[in-house]
Amino acid sequence: MQTEYIKVSADDLERDFSILLRAGEIIRNGGLVVFPTETVYGLGGNALDASAAEKIYAAKGRPADNPLIVHINEPQEAEPFAMTTPLYHRIAEAFMPGPITVILSAKENLSRNVTAGLNTVAVRCPSHPVARALIRIAGVPIAAPSANLSGSPSPTDALHVKDDMDGRVHMIIDGGACSCGVESTIVKPEADGTLLLLRPGFITKEMLEETLGVSVTVAPSVLGQLKEGERVLSPGMKYRHYAPKAPLILLDGSAKERQYFLAEQKGRVAYLCYEEEKKALAPLSVALYVIGREGDKEKQAQSLFRVLRDVDKEGYDTIFAPLPDTEGVGMALYNRMIRAAAHHIQHLS
Ligand code: AMP
Ligand code: MG
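So, here is what we can say about the structure in this document. Only a predicted model underlies this, so the values are computations on that prediction, with no experimental measurement involved.

If a probe the size of a water molecule is rolled over the atoms, the empty space left behind becomes visible. In this model, the second largest pocket occupies a volume close to 210 Å³. Around the second largest pocket sit 16 residues that line it, and Leu-48, Glu-77, Gly-139, Val-140 and Pro-141 are the ones nearest its centre. The residue inventory of the lining of the second largest pocket, partitioned by class, reads ten nonpolar, four polar and two charged.

As a further point, take the site of ligand 1. Taken together, 17 residues are adjacent to ligand 1, and Asn-66, Thr-120, Pro-145, Ser-146 and Arg-199 come closest. At 2.9 Å, a side-chain N or O of Thr-120 approaches a nitrogen atom of ligand 1. A distance of 2.9 Å separates an oxygen atom of ligand 1 from a polar side-chain atom of Ser-146. In the complex, the protein chains occlude 81% of the 490 Å² of accessible area that ligand 1 would expose alone. Elements supplying a minimum of two residues to the shell around ligand 1: strand E7 (120–124) and strand E11 (195–199). Of all the elements, E7 adds the most residues to the shell around ligand 1, at three residues. Looking at the shell around ligand 1 residue by residue, the classes come out as eleven nonpolar, three polar and three charged.

Pairing is parallel in the open sheet, where five strands are placed in the order E15-E14-E16-E13-E17. Looking along the sheet, the strands with just one partner apiece sit at the ends: strand E15 (286–292) and strand E17 (345–347). Neighbouring strand axes in the sheet, compared pairwise and without regard to direction, differ in orientation by 25 degrees on average. Two elements, strand E14 (residues 269–274) and E15, share six bridges in a ladder whose sense is parallel. Paired with Val-269 across the bridge in E15 is Val-286. Contacting strand E13 (248–252), strand E16 (318–322) and E17, helix H10 (residues 330–340) crosses the sheet at an angle of about 130 degrees to E13.

Right, let's get into the pattern of salt bridges. Summed over all chains, the structure comprises 13 salt bridges. A salt bridge links Arg-15 to Asp-16, with the nearest nitrogen and oxygen atoms 3.4 Å apart. One salt bridge in this structure joins Glu-209 and Lys-205, with 3.4 Å as the shortest N-O distance. Here Lys-205 and Glu-209 lie together in helix H6 (residues 205–212), a separation of four residues that amounts to about one turn.

Reading the values: the criteria
Residues numbered from 1 in each chain as written. Chains lettered and ligands numbered in written order. Predicted model: local features only at pLDDT ≥ 70, side-chain atom pairs only at ≥ 80, totals over all residues. Heavy atoms only, no water. 1 Å grid on protein atoms, 1.4 Å probe; cavity = no way out; pocket = protein on both sides within 12 Å on 5 of 7 lines; lining within 4 Å. Points joined across faces, edges and corners; volume = space filled by probe spheres on them. Nonpolar A, V, L, I, M, F, W, Y, C, P; charged D, E, K, R; others polar. Near = heavy atom within 4 Å. Polar contact = N/O pair within 3.5 Å; in protein donor to acceptor, adjacent residues only side chain to side chain. Areas by Shrake-Rupley, 256 points an atom, 1.4 Å probe, with all protein chains shown as cover. Helix = DSSP H or I, 4+ residues; strand = E, 2+ residues; numbered from the N terminus. Pairing = 2+ DSSP bridges. Axes fitted to C-alpha atoms, helices over the stretch in contact; angles between N-to-C directions. Contact = heavy atoms within 4.5 Å. Salt bridge = Lys/Arg side-chain N within 4 Å of Asp/Glu carboxyl O.

And the structure:
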């Protein structure tokens, strides 16, 4: 398949309207279009076309038991294929369009190819102007997982998409770098009126609780099930996700402890460092990749997948990174990083 690669400016959609018309037509006709969202790039197909969902799984090499998120423009556009609830509408009022996905009961007409056989469906209204224009022009809801090959880091730049998806999709729309850089927060409303947080993102547990006044339970898988006192957890390959090719190990300790630890490392080593650490670590024979200032978790989240891809190209023996805390957007960082590291944590103190 020949992949058409086209730049579209979110600031001047009028100028690029004919491209979006063509992209919308590809989607309506059962084809695949990669498009930018505020979280990561999405690999989109018509959510009402069961065969388009199959094509998405094939293009990603995604296991058939991992469901897709359905993208719409307005919260009420979920109505034809999902059972909306008062809590869904409150979440929508507060956070949509934006980086949040809500799990709802799926209506029978929705293809179980989209939901991977589940009777629930994930619904999201992206805020990115290009994504919104594409959904409107396509005239159908768009099923879209992240546009990476299954297992590799999610793409936050169209060039990452090109690396993974060239020849596998009809069109890649390049709308520049994604502003969040990690995938949407996923919540599931529970029967008792609380929310279950299935995947942390830019909309944090704290924001959900404060704004909605509901209690939010973090699903155990989000933070991993590290046993008390366990030093380094042996990974199962099935837990490796968002992963660079070289082993990634997360360092649990102070800046000083990390500095001493890194000074002892041999071989070709890379370290994902905070801006503040750069100067002290510069004399070491460790390649430094800055992910942002220590307190700026939004910036770190935005950089993480890009840095993982950059590091991957250099063929290091080992990659180290500081273990983030789990407050605010830190929970999203922690969640992605323990998966990229296949749960390898080195406790330094
Ligand atoms: P991606 O679009 O690559 O970020 O992947 C979509 C994410 O949404 C995956 O983690 C899925 O497991 C999750 N997801 C999609 N639909 C459902 C659902 N019905 N129930 C729970 N999780 C879902
Ligand atoms: Mg993904």
